[in-house]
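Examination of the molecular architecture
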Amino acid sequence: MEYWSILLSIVIGVISIYYLFKNFNFFKRNGIIHLPPLPLFGSTISMVFCRISFFDFMLKIYNCYPNAKYFGFYFTTTPVFLLRDLELIKTVLVKNFDAFPDRRGFADFNDPLFEKNLFSLHGEKWRNVRNLLSPSFTSSKMKMMFTLMSECAMNFAKFLSTLSADKGDINMKDVCSKYTTDVIATCAFGIKVNSMKYPTNKFYIYGKEATNSTGVLRSIKFFFLGAFPRLGRILNVKIMNDYVSDFFKDIIRTTIATRDAEHITRPDMLQLMMDIRGKEGRRELDIDDMTAQAFIFFLGGFETSSTAMCFAAHEIAANPEIQLKLQQEIDKVLEESNGEVSYEAINRLEYLDAVICEALRLYPPVAALERICEKTFELPSALPDQKPFIMKKGMLPVWIPVLAIHYDEKYYDNPEKFDPERCLNNKMHNSSSYMPFGSGPRMCIANRFAMLEVKVLLFHLLAQCELKSSVKTTSPIKFCKSFLRMMPENGFWLNIQRRKNMHSVQESTITDS
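Residues numbered from 1 in each chain as written. Predicted model: local features only at pLDDT ≥ 70, side-chain atom pairs only at ≥ 80, totals over all residues. Heavy atoms only, no water.

Observations regarding the pattern of salt bridges
Side chains that differ in charge, positive against negative, can pair when their charged atoms come close. Short version of the rule: Just to be clear on terms, a salt bridge is a Lys or Arg side-chain nitrogen sitting within 4 Å of an Asp or Glu carboxyl oxygen. To qualify as a helix, a DSSP run of H or I must reach at least 4 residues; to qualify as a strand, a run of E must reach at least 2; elements of each kind are numbered from the N terminus. Summary of the burial criterion: residues with accessible area below 20% of their type's maximum are buried, those above 50% are exposed, and those between are partly exposed, where the area comes from a 1.4 Å probe applied to protein chains only.
Counting across every chain of the model gives 16 salt bridges. Between lysine 178 and aspartate 174 there is a salt bridge, with its nearest N and O atoms 3.3 Å apart. In this pair, lysine 178 and aspartate 174 are both assigned in helix 9 (residues 172-187), 4 residues apart and thus about one turn of the helix distant. Residue aspartate 174 is classed as partly exposed on the basis of its relative accessible area of 26%. Across the salt bridge formed by aspartate 353 and lysine 455, the nearest N and O atoms sit 3.1 Å from each other.

So, the layout of surface pockets
Heads up, the condition is: Buriedness for pockets is judged along seven lines, at least five of which must meet protein on both sides within 12 Å for an open set on the 1 Å grid over protein atoms alone, while cavities are sets there where a 1.4 Å probe fits but cannot get out, and lining residues have an atom within 4 Å of a point. Grid points are joined across faces, edges and corners, and a volume is the space filled by probe spheres set on the points. Side-chain classes follow a simple rule in which Ala, Val, Leu, Ile, Met, Phe, Trp, Tyr, Cys and Pro form the nonpolar group, Asp, Glu, Lys and Arg form the charged group, and the remainder, Gly included, forms the polar group.
Of the volumes computed, that of the second largest pocket is approximately 520 Å³. Looking at the second largest pocket, it is lined by 27 residues, and the ones nearest its centre are His429, Tyr434, Phe437, Met443 and Asn447. Listed by contribution, the elements that provide at least two residues to the lining of the second largest pocket are helix 5 (86-95), helix 17 (343-347), helix 18 (350-362) and helix 20 (447-464). Here the lining of the second largest pocket is built from residues that sort into 16 nonpolar, 7 polar and 4 charged.

Remarks on the UniProt feature "binding site: heme" (unreviewed entry) in the protein chain
The line we're drawing: UniProt positions are given in the numbering used here, feature names are shortened, and annotations may be inferred rather than shown by experiment. Throughout, a residue-residue contact means that at least one pair of heavy atoms, one from each residue, lies within 4.5 Å.
Taking the numbering used here, the UniProt-annotated feature "binding site: heme" (unreviewed entry) corresponds to Cys444. For cysteine 444, a relative accessible area of 33% corresponds to the partly exposed category. Sequence-distant contacts of cysteine 444, that is, excluding residues within four places in its chain, are made with Arg130 and Phe437.

Thoughts on empty space enclosed by the protein
Evaluated as defined, the whole model comprises 2 cavities of 30 Å³ or more. Space inside the second largest cavity adds up to approximately 60 Å³. Every residue along the wall of the second largest cavity is listed here: Cys310, His314, Thr473, Thr474, Ile477, Pro488, Gly491, Phe492, Trp493 and Leu494. Secondary-structure elements contributing two or more residues to the lining of the second largest cavity are helix 15 (287-318) and strand 9 (493-498). Among the residues forming the lining of the second largest cavity, the class breakdown is 6 nonpolar, 4 polar and no charged.

Topic: a nonpolar patch on the surface
Here is the rule we go by: Patch rule: a residue counts if its relative accessible area is over 30% and it has no salt bridge; like charges are joined within 9 Å, and nonpolar side chains (Val, Leu, Ile, Met, Phe, Trp, Tyr) within 5 Å. The method behind every accessible area is Shrake-Rupley, applied with a 1.4 Å probe, and residues are considered shielded solely by the protein chains displayed.
There is a patch of nonpolar side chains on the surface, built from Leu231, Ile234 and Leu235 and spanning about 320 Å² of accessible area. Its place among the elements puts leucine 231 in helix 12 (residues 229-234).

Thoughts on the environment of phenylalanine 203
With respect to the helices and strands, phenylalanine 203 occurs in helix 10 (residues 202-211). Sequence separation between phenylalanine 203 and valine 193 is 10 residues; the distance between their C-alpha atoms is 7.9 Å. Ignoring sequence-local partners within four residues, the contact set of phenylalanine 203 consists of Thr181, Ala185, Phe189, Ile191, Val193, Phe247, Phe248, Ile251 and Phe298.

A few points about the nonpolar core
Operational definition: As used in this record, nonpolar core signifies buried Ala, Val, Leu, Ile, Met, Phe, Trp, Tyr and Cys residues forming a set joined through side-chain atoms within 4.5 Å.
Core analysis: the largest hydrophobic core is formed by 171 residues, its most contacted members being Met58, Phe81, Met172, Tyr179, Phe189, Phe248 and Phe449. Looking at this core element by element, the count peaks at 16 residues for helix 15. In this structure phenylalanine 189 touches Ile184, Phe203, Phe248, Ile251, Ile252, Thr255, Arg259, Leu270, Ala294, Phe295 and Phe298, once residues within four positions along its chain are discounted.

Digging into the packing of helix 9 against helix 15
Quick note on the threshold: Only C-alpha atoms enter the line fits that serve as axes; for helices the fit covers just the stretch in contact. Angles between N-to-C directions range over 0 to 180 degrees. Orientation is classified from the angle alone, with under 35 degrees giving roughly parallel, over 145 giving roughly antiparallel, 65 to 115 giving roughly perpendicular, and any other angle giving oblique. Take the far helix as the reference: if the near one is turned anticlockwise from it by less than a right angle, the crossing is left-handed, and if turned clockwise, right-handed.
Running from amino to carboxyl end, helix 9 crosses helix 15 at an angle of 140 degrees, the nearest separation of the two axes being 8 Å. Taken together, the axes of helix 9 and helix 15 are oblique relative to one another. Viewed along their axes, helix 9 and helix 15 form a crossing whose handedness is right-handed. Along the contact surface, helix 9 presents Met172, Lys173, Cys176, Ser177, Tyr179, Thr180, Thr181 and Ile184, while helix 15 presents Phe297, Phe298, Gly301, Phe302, Glu303, Ser305, Ser306, Thr307, Met309, Cys310 and Ala313. Among the residues making up the contact of helix 9 with helix 15, the classes are represented as 10 nonpolar, 7 polar and 2 charged.

Written out as structure tokens, the structure reads:
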């Protein structure tokens, strides 16, 4: 028995060494310029051990080969192509989408909520679910959801505007997460919660736990599943606790049962998934499928949308002249509408749109996009003196460094400056260097929902409140070094006070309510 144990150990050791050597020798073997790796940690050791933030890591590696169209680096044990050339990026994301249709997503997270959602699905399954969910985000659906969002935003702004002066220092991440929780609970799950008034409700508490990416143990799990996905599946390593998954499944199951029993119909994502049941030629979604789609919508809204709101609020507070201009634009709409602000009026606020777009440039929700090669594709020469490289199906992922491109002086003058003027007249929307929601057919399906959610919140907040830096505000922002997070080290702290020059229409609306 002892000999068999020794032999098994030797075999496992040899296979592991071969696997690591094969992976870490890939770029050198194929003559591709790359960052030299370290065993197990690849090019990311400084990030894994929290010596550098993901924000700074992306900027650092992007600038290693400024003249190359692409180069290689190792994300832990995985070789990755980092694309720098905008024309090549457009080819991968748009022109040759059929060669790069998928991404790894959360497929390695060993949980149906992560594996079965739109972000992680591949091939025909992805197309079917994408086509099913797309009607959730049409203009008519957005208009319906606008009413639900506005109610949440008005409650949010009213709560903050009535705080006493000694309680004006606010952790914006905390309050914005509560707002996005309420919005997504009603728009995706079809239930109503008031997280500002009832901050201990399970929907909010479990949402925080599901999206929490801090802590040493969770960082180790991320690293382990990324480096050894098959072993993680065998050992049943999970990012999220089972009771959190069960909670979201129970909500969907209960909501479906209630709607069926009481013949309730709502204009939300869940209803669309329910309506295909029993229709010929349409693949039904089971409870896991439905919960996974609603959950990724929640995950995106809770984390990325609330963070985008916080970054925008931080920059508004740091630039009083921008805040004044925004409030003047908002007050004008309030006066013209006599306080009854419509969906169309919100979407006509050009300067508010520019402020949000510029915040998304400086702080994109996703720092890098990923695609997987699904058919043979020829990468051009990385440098003039190098040869093209033939990528084969399933060979390696490619990364598009959105964050670093947004900070590239080649595309933006003074890129570190917050300047909404550069976003006016839809300049950004037509630029191939601007990709906060991705690009091509796999562009974020809920980008219009996210923009509307942020606009509605900032509109009502700035109509009633004034944002200022507090003693806890860190400026310029220093990013947290926790694994794969783009957050300020000390959080999003601002001082929020009721506006002294609030428009009379807004003041009378608050008094009446």
